[in-house]
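Here are the chains, one letter per residue:
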Amino acid sequence: NLDVAKIDEAVRRILRIKVRLGLFENPYVDTTAVKRNTYTEESLAKAQKAAEESIILLKNENKVLPIDENKVKTVALIGPFIDAKRDQLGTWIFDGEAEHTQTPLEAIKTQFGDKVKILSEPVLEFSRDRRTDKFAKAVALARRADVVVVFVGEEAILSGEAHCLAEIDLVGAQSQLIAELAKIGKPLVTVVMAGRPLTIEKEIAQSDAVLFAFHPGTMGGPAISNILFGKVNPSGKTPVTFVKSVGQIPTYYSK
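Right, let's walk through the structure included here.

**What to know about the overall build of the chain**
Right, so step 1: Helices and strands together make up the secondary structure of the chain, namely eight helices and six strands.
Right, so step 2: Shown N-terminal to C-terminal, the secondary structure of the chain runs as helices and strands in the order α-α-β-β-α-α-β-α-β-α-β-α-β-α.
Right, so step 3: Structurally, the chain occupies a C-alpha span of about 70 × 45 × 35 Å along its principal axes.
Right, so step 4: A burial count over the chain gives 43% of its 255 residues as buried.

Now the structure itself:
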């Protein structure tokens, strides 16, 4: 049983703070009195730095990364997350403003579009999309490129509280898309945006390089662009276990 004295003390602490804040004399505030600009240069720079430091380099064979814009002439950006403004923000956003999101497609075009030819095709409308009718277009696009970067993952709605999954593979036709692109023989970089570690052993094996970006937020685009082109070194670590299958236990979680 709870000690009533402890409950009284807990309530007393809350009331004490409310008195200090003057909430009993003035319980309401004028929400229109202060207009706050969340998207200042300073805050966006911090958001970008946080995203850059969170991205994990899981694989890099044959020095595919970083992409050298002085040598690579054409880059193909493929997959449902090349321009997914809302899903890039992640699960816990509620009133997030997707119109301020800078996506990889936008950032790479802005930063390197004058040096490298950028080809793009989302192929799938969203991560759970199982349609393969645009695979041929994606393959044709990839054949024209020197480097192929495929952006896959999971929509924000799929992870977070009360969104457990029995299987944590890439959903929809995303794995099939990676397999088709891998057959071409061009250097293949896979970028994963997801709210949890996924079982992507097969996809890692099929790729020359793999970046795990989680859901990188508003400035995820410039962060990923900087890492892909070597302006920033990927420094993220694996704080959780990337299992080979959902049956693999125990998993490590650093609290």
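**Considering the side chain of Thr103**
Right, so step 1: Turning to its location among the elements, Thr103 is positioned in the loop between helix 3 (85–88) and helix 4 (104–112).
Right, so step 2: Thr103 gets classed as buried once you look at its relative accessible area, which sits at 0%.
Right, so step 3: Once residues within four sequence positions are removed from consideration, Thr103 is found in contact with Ile82, Asp83, Ala84, Lys85, Gln88 and Gly221.

**Considering the nonpolar core**
Right, so step 1: Ile67, Leu77, Val149, Phe151, Val189, Val191 and Leu228 are the most contacted members of the largest nonpolar core, which totals 30 residues.
Right, so step 2: No other element matches helix 8 (residues 220–228), which puts four residues into this core.
Right, so step 3: Excluding its chain neighbours within four sequence positions, the residues that come into contact with Val191 are Val149, Val150, Phe151, Val152, Leu211, Ala213, Ile224 and Leu228.
Right, so step 4: Counting residues in each nonpolar core, the second largest holds 29 residues, with Leu124, Phe135, Val148 and Leu188 among its members.

**Some details on the environment of Lys59**
Right, so step 1: Relative to the elements of secondary structure, Lys59 occurs in strand 1 (residues 56–60).
Right, so step 2: Separated by 151 residues in the primary sequence, Lys59 and Val210 have C-alpha atoms spaced 5.0 Å apart.
Right, so step 3: If we skip the residues at most four places from it in the chain, Lys59 touches Ile204, Ala205, Ser207, Asp208, Ala209 and Val210.

**So, the packing of helix 5 (residues 135–143) against helix 6 (residues 174–182)**
Right, so step 1: Put simply, helix 5 and helix 6 touch, their axes get as near as 10 Å, and they point 40 degrees apart. Of the two elements, helix 5 crosses helix 6, and the hand of that crossing is right-handed. Facing helix 5, whose interface residues are Phe135, Ala138, Val139 and Ala142, helix 6 presents Gln176, Leu177, Glu180 and Leu181.
Right, so step 2: The class makeup of the residues in the contact of helix 5 with helix 6 is six nonpolar, one polar and one charged.

**Examining the sheet that holds strand 1**
Right, so step 1: As summarised here, the arrangement of the six strands in space is 1-6-5-4-2-3, forming an open sheet in which the pairing is mixed. Either end of the sheet is taken by a strand with one partner, and the two such strands are strand 1 and strand 3 (117–121). Strand after strand, the sheet turns through a mean of 15 degrees between neighbouring axes, direction not considered.
Right, so step 2: For strand 5 (residues 188–193) and strand 6 (residues 209–212), the ladder comprises four bridges, and the chain directions are parallel. Across the sheet, Val189 pairs through a bridge with Ala209, a residue of strand 6.
Right, so step 3: On top of the sheet, helix 6 reaches strand 2 (74–78), strand 4 (147–153) and strand 5; it is set at about 170 degrees to strand 4, its chief contact.

**Digging into the packing of aromatic side chains**
Right, so step 1: What the rule picks out here adds up to four aromatic pairs.
Right, so step 2: An angle of 70 degrees between the planes, with centres 4.9 Å apart, marks the rings of Phe212 and Phe214 as edge-to-face.
Right, so step 3: Among the aromatic residues, those joined into a ring-pair cluster are Phe212, Phe214 and Phe242.

**Looking at unusual backbone geometry**
Right, so step 1: Here Leu65 and Pro66 are connected by a cis peptide whose omega angle stands at 0 degrees.
Right, so step 2: The topology assignment puts Pro66 in the loop between strand 1 and strand 2.
Right, so step 3: Even without being glycine, Asn62 reaches a positive phi, approximately 60 degrees.
Right, so step 4: Take Asn62: it is sitting in the loop between strand 1 and strand 2.
Right, so step 5: Take Asn62: its relative accessible area is 67%, and that puts it in the exposed class.
Right, so step 6: With a phi close to 65 degrees, Ala162 is a non-glycine residue in the positive phi region.

What counts, and at which threshold
Residues numbered from 1 in each chain as written. Predicted model: local features only at pLDDT ≥ 70, side-chain atom pairs only at ≥ 80, totals over all residues. Heavy atoms only, no water. Helix = DSSP H or I, 4+ residues; strand = E, 2+ residues; numbered from the N terminus. Buried < 20%, exposed > 50% of the residue type's maximum accessible area, 1.4 Å probe, protein only. Contact = heavy atoms within 4.5 Å. Core = buried A, V, L, I, M, F, W, Y, C linked by side-chain atoms within 4.5 Å. Axes fitted to C-alpha atoms, helices over the stretch in contact; angles between N-to-C directions. Left-handed = near helix turned anticlockwise from the far one by under 90°. Nonpolar A, V, L, I, M, F, W, Y, C, P; charged D, E, K, R; others polar. Pairing = 2+ DSSP bridges. Phe/Tyr/Trp six-rings, centres within 6.5 Å; stacked < 30°, edge-to-face > 60°.

Function-wise, these values are silent; they only describe arrangement.
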